[in-house]
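Inside the fold
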Amino acid sequence: MREERRGVPQRAPWGTLPAREPVSASAYRLIRDAILHGRLAPGTRINEVELAQAWSISRTPVRDALRRLEAEGLVEAVLGRGMVVPSLGRADVDELYELREVLEGLAARRAAERATSEFAARLNTYLKAYGTALKQGDVDRLLAVDDDFHTSVAGMSGNGRLERAIDTIRAQTHPIRLRVIGVKGRPAKSFREMAKLTAAIRARAAVRAEAAMREHIGSLRLDAGAVLQELDAVLP
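Below: a short report on this structure.

Conventions adopted
Residues numbered from 1 in each chain as written. Predicted model: local features only at pLDDT ≥ 70, side-chain atom pairs only at ≥ 80, totals over all residues. Heavy atoms only, no water. Helix = DSSP H or I, 4+ residues; strand = E, 2+ residues; numbered from the N terminus. Buried < 20%, exposed > 50% of the residue type's maximum accessible area, 1.4 Å probe, protein only. Contact = heavy atoms within 4.5 Å. Areas by Shrake-Rupley, 256 points an atom, 1.4 Å probe, with all protein chains shown as cover. Core = buried A, V, L, I, M, F, W, Y, C linked by side-chain atoms within 4.5 Å. Expected span 1.5 Å × (residues − 1). Arc of directions from axis to C-beta.

1. Here's the deal with the overall build of the protein chain
- Per the secondary structure count, the protein chain includes nine helices and three strands.
- Per-residue burial for the protein chain yields a buried fraction of 44% across its 236 residues.
- At a minimum sequence separation of 6, the contacts of the protein chain that also span at least 24 residues come to 69%.
- When the accessible surface of the protein chain is split by element, carbon and sulfur atoms take 51% of a total near 12,400 Å².

And the structure:
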């Protein structure tokens, strides 16, 4: 069956469906973007009927989009509620960051082995951009540059499956990352850790690059745990 398309973009609470993109792809991208940028907070129920009505489309492409997001761990089916943006507990965060340490550490090793001068220059550009955002206190820019940096390292690994696995795990940690970036001294610490990793990759020191990435993710993991501990202390 051919996928539904539309000629006139429709307004929706979480964005506008582009006229020249398949409906299910648009729905997936816009809902995913809303989750990753905190517009859909953990615990939020996603009503496929209401969303389909808001976008003036059938429920099928919305359902397809939610199934893709469920497979990525960005939504979960809850009995009696339907699809919900999951809330992360301490055990979830520990598991996710443990996976990030292993997977992104491997990606950093591979990236160092395959690094070109152009790639090293790109990492330097990201590092400078991060430093500028740090001085300006621009949190949105810090998060964006951090995403670009980590995505580039994963891409340079040359392993498509590894790259996709990292993207999925990083997406699941995004809600806590929005809080971790606010920990006092965290952006400056990340800058130093990213600089250490960049130096290792530029030197094509694969073992050192893997260790630097694992150290960076481990440091983030500790701050994520501290954030959750503070939340537990203030929540009833």
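2. Some details on the nonpolar core
- Membership of the largest hydrophobic core comes to 34 residues, with the highest contact counts inside it found for Phe-119, Val-153, Leu-197 and Ile-201.
- Contributions of two or more residues to this core are made by α4 (90-114), α5 (117-136), α6 (139-156), α7 (160-180), α8 (186-202) and α9 (206-234).
- When residues in this core are grouped by element, the largest group, nine residues, is from α9.
- Look past the residues within four positions of Ile-201 in its chain and what remains in contact with it is Ala-108, Ala-111, Ala-112, Ala-115, Phe-119, Leu-123, Val-153 and Ala-209.
- Among the nonpolar cores identified, the runner-up in size contains 24 residues, and Leu-36, Trp-55, Val-75 and Ala-171 belong to it.

3. Observations concerning α5
- The end-to-end C-alpha distance of α5, which contains 20 residues, comes to 29 Å, matching closely the 28 Å that a straight helix rising 1.5 Å per residue would cover.
- Within α5, the full set of buried residues consists of Phe-119, Ala-120, Leu-123, Tyr-126, Leu-127, Tyr-130, Gly-131 and Ala-133. Along α5, the residues classed as buried sweep out an arc of 165° about the axis, all on the same side. Along α5, exposed side chains directed more than 90 degrees from the buried face belong to Ser-117, Glu-118, Thr-125, Lys-128, Lys-135 and Gln-136.
- Check the buried side of α5 and you find it contacts α4, α6 and α8.
- Gly-137, located one to two residues past α5, shows a positive phi value of around 65°.

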